[in-house]
Amino acid sequence: QGARYDCIAQRQVHAPRLADSWGITVEDRLTIERDGHVALVMLDRADKYNALDIRMFEALHEAAARLQNDKSVRAVVLHGAGDNFCAGIDTGVFADGDLDLGESLMAPLEPSAANLFQRAGYAWRELPVPVICAVHGVTYGGGLQIAAGADLRYAAPDSRFSIMETKWGLIPDMALSTTLRHLVAPDRIKELAWSARVFGADEALDYGIVTAIHEDPLAAAQAAAAEYAAKSPDAIRGIKRLINAAWELPEAESLAMEAAIQLGVMGAPNQMEAVAANVQKRPPKFSD
């Protein structure tokens, strides 16, 4: 725990199953805990507004890799410690003369198409299970891009957002081009990214950046995750795969994918258990 790992240099994911190791710290930047079949991932750098340094990027990558390899995980809740979700890039990164933005950081971390920085947001899209992000306080720059990678985003009423990269002379490069493309109109993203202005939860909801506003977004996210985790994991995973992939395909290919996923689910043990549980009016017992 807390150790750097060789898979970054090798650009491959090698991570143990979590089944026997819940309640861990990753790179001293994240904690992962278990609540039934739900994994709770917390950015744990509250004294720095959960800002993103290189160790935080590494921790996000490793946490997602661990979760990817554990079939007992049926939903994920992503949130931040303290009074904020994430303030974006740690400005100390700019002063790090030893930071080499070469191949080891900018090349894809196979089998993902994303590099280390992009994985911070894109990894949650790559997970096969629902990911719900609960945000509060500030969600700026890279923090917004992490949240954008989740399937659902619940925000506290006083949350504040910004696509802030132009403040530092940068572009948003943590997979925003993939995660927001179907949520927010291109002209709106340009306006927000060019201006780097701060906007509130109501605006974020109006733009489609957040899914809902809750007084307690973490509690709402945990309740939703528990609800989804109680359903057939085959169906839940199939829905995420279908919506993430088919929306990019020509209609004929989308229809074919829809049918193929349904054929893989229909008649399988978990689908039969869903039917039996409904008929017998009892809680289902699904297999991982």
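Below, the structure is looked at part by part. (Residues numbered from 1 in each chain as written. Predicted model: local features only at pLDDT ≥ 70, side-chain atom pairs only at ≥ 80, totals over all residues. Heavy atoms only, no water.)

### Comments concerning the overall build of the protein chain
Assigned secondary structure in the protein chain consists of twelve helices and ten strands. Across the protein chain, the fraction of contacts at a sequence separation of at least 24, relative to all contacts at a separation of at least 6, is 68%. Counting every atom, the protein chain has about 13,800 Å² of accessible surface; 54% of that belongs to carbon and sulfur. (Helix = DSSP H or I, 4+ residues; strand = E, 2+ residues; numbered from the N terminus. Contact = heavy atoms within 4.5 Å. Areas by Shrake-Rupley, 256 points an atom, 1.4 Å probe, with all protein chains shown as cover.)

### Side note on the pattern of salt bridges
If you walk through the whole model with that rule in mind, you get 13 salt bridges. A salt bridge links Arg-66 to Glu-62; its shortest N-O distance comes to 2.9 Å. With Arg-66 and Glu-62 both in helix α2 (residues 54-68) and four residues apart, this pair spans about one turn of that helix. No difference in accessibility class separates Arg-66 from Glu-62, as the two residues are buried. (Salt bridge = Lys/Arg side-chain N within 4 Å of Asp/Glu carboxyl O. Buried < 20%, exposed > 50% of the residue type's maximum accessible area, 1.4 Å probe, protein only.)

### Focus: the environment of Asp-206
Among the secondary structure elements, Asp-206 is positioned in helix α8 (residues 201-207). We classify Asp-206 as exposed; its relative accessible area is 65%. The spatial distance from the C-alpha of Asp-206 to the C-alpha of Val-184 is 9.6 Å, given a sequence separation of 22 residues.

### Some details on unusual backbone geometry
The amide bond that connects Glu-110 to the next residue, Pro-111, takes the cis arrangement and shows omega of 5 degrees. Tracing the backbone shows Pro-111 in the loop between α3 (103-106) and α4 (116-126). The phi torsion at Tyr-49 lies on the positive side, around 60 degrees, for a residue other than glycine. With respect to the secondary-structure elements, Tyr-49 resides in the loop between β3 (38-43) and α2. Take Tyr-49: its relative accessible area is 47%, and that puts it in the partly exposed class. With a phi angle near 55 degrees, Asn-50 is a residue other than glycine that sits in the positive phi range. Within the fold, Asn-50 resides in the loop between β3 and α2.

### Thoughts on the nonpolar core
For soluble globular proteins, nonpolar side chains are generally found buried alongside one another. Judged by nonpolar contacts, the single largest core of 54 residues is most densely connected at Val-76, Trp-124 and Ile-146. Trp-124 has contacts with Val-41, Leu-60, Ala-64, Leu-67, Val-76, Leu-78, Val-131, Ile-146, Gly-149, Ala-150 and Lys-240, leaving out every residue within four places of it along the chain. Among the nonpolar cores identified, the runner-up in size contains 13 residues, and Ala-75, Val-77, Ala-212 and Ala-224 belong to it. (Core = buried A, V, L, I, M, F, W, Y, C linked by side-chain atoms within 4.5 Å.)

### A word on the layout of surface pockets
Leftover empty space is mapped by rolling, across the atoms, a probe with the size of a water molecule. Volume-wise, the second largest pocket comes out at about 530 Å³. Lining the second largest pocket are 20 residues, with Asp-151, Leu-152, Lys-240, Ile-243 and Asn-244 positioned closest to its centre. Every element with two or more residues in the lining of the second largest pocket is listed here: β7 (152-155), α6 (176-179) and α10 (233-246). Sorting elements by how many residues they give to the lining of the second largest pocket places α10 first, with five residues. A class-by-class count of the residues in the lining of the second largest pocket yields eleven nonpolar, five polar and four charged. (1 Å grid on protein atoms, 1.4 Å probe; cavity = no way out; pocket = protein on both sides within 12 Å on 5 of 7 lines; lining within 4 Å. Points joined across faces, edges and corners; volume = space filled by probe spheres on them. Nonpolar A, V, L, I, M, F, W, Y, C, P; charged D, E, K, R; others polar.)

### So, the packing of α2 against α4
Remark: α2 packs on α4, axes separated minimally by 9 Å, with the N-to-C direction vectors making an angle of 30 degrees. Of the possible angle classes, the one that applies to α2 and α4 is roughly parallel. As α2 runs across α4, the sense of the crossing is left-handed. From α2, Ile-54, Phe-57, Glu-58, Leu-60, His-61, Ala-64, Ala-65, Leu-67 and Gln-68 reach across to α4, where they touch Leu-116, Phe-117, Arg-119, Ala-120, Ala-123, Trp-124 and Glu-126. Residues that form the contact of α2 with α4 fall into these classes: eleven nonpolar, two polar and three charged. (Axes fitted to C-alpha atoms, helices over the stretch in contact; angles between N-to-C directions. Parallel < 35°, antiparallel > 145°, perpendicular 65-115°, else oblique. Left-handed = near helix turned anticlockwise from the far one by under 90°.)

### Let's talk about α4
For α4, the complete set of buried residues consists of Leu-116, Phe-117, Arg-119, Ala-120, Gly-121, Ala-123 and Trp-124. For α4, the N-terminal cap is Asn-115; the gap from its side-chain oxygen to the backbone nitrogen of Phe-117 is 2.9 Å. (Polar contact = N/O pair within 3.5 Å; in protein donor to acceptor, adjacent residues only side chain to side chain.)

### Concerning the sheet that holds strand β9 (residues 199-200)
Read across the sheet, three strands follow the order β6-β8-β9 without closing on themselves; strand pairing throughout is mixed. Here the strands that pair on one side only, and so sit at the sheet edges, are β6 (138-140) and β9. Sheet topology note: the strand β8 (residues 160-162)/β9 ladder contains two bridges and is antiparallel. Each bridged residue has a counterpart across the sheet, and for Phe-161 the counterpart in β9 is Phe-199. (Pairing = 2+ DSSP bridges.)

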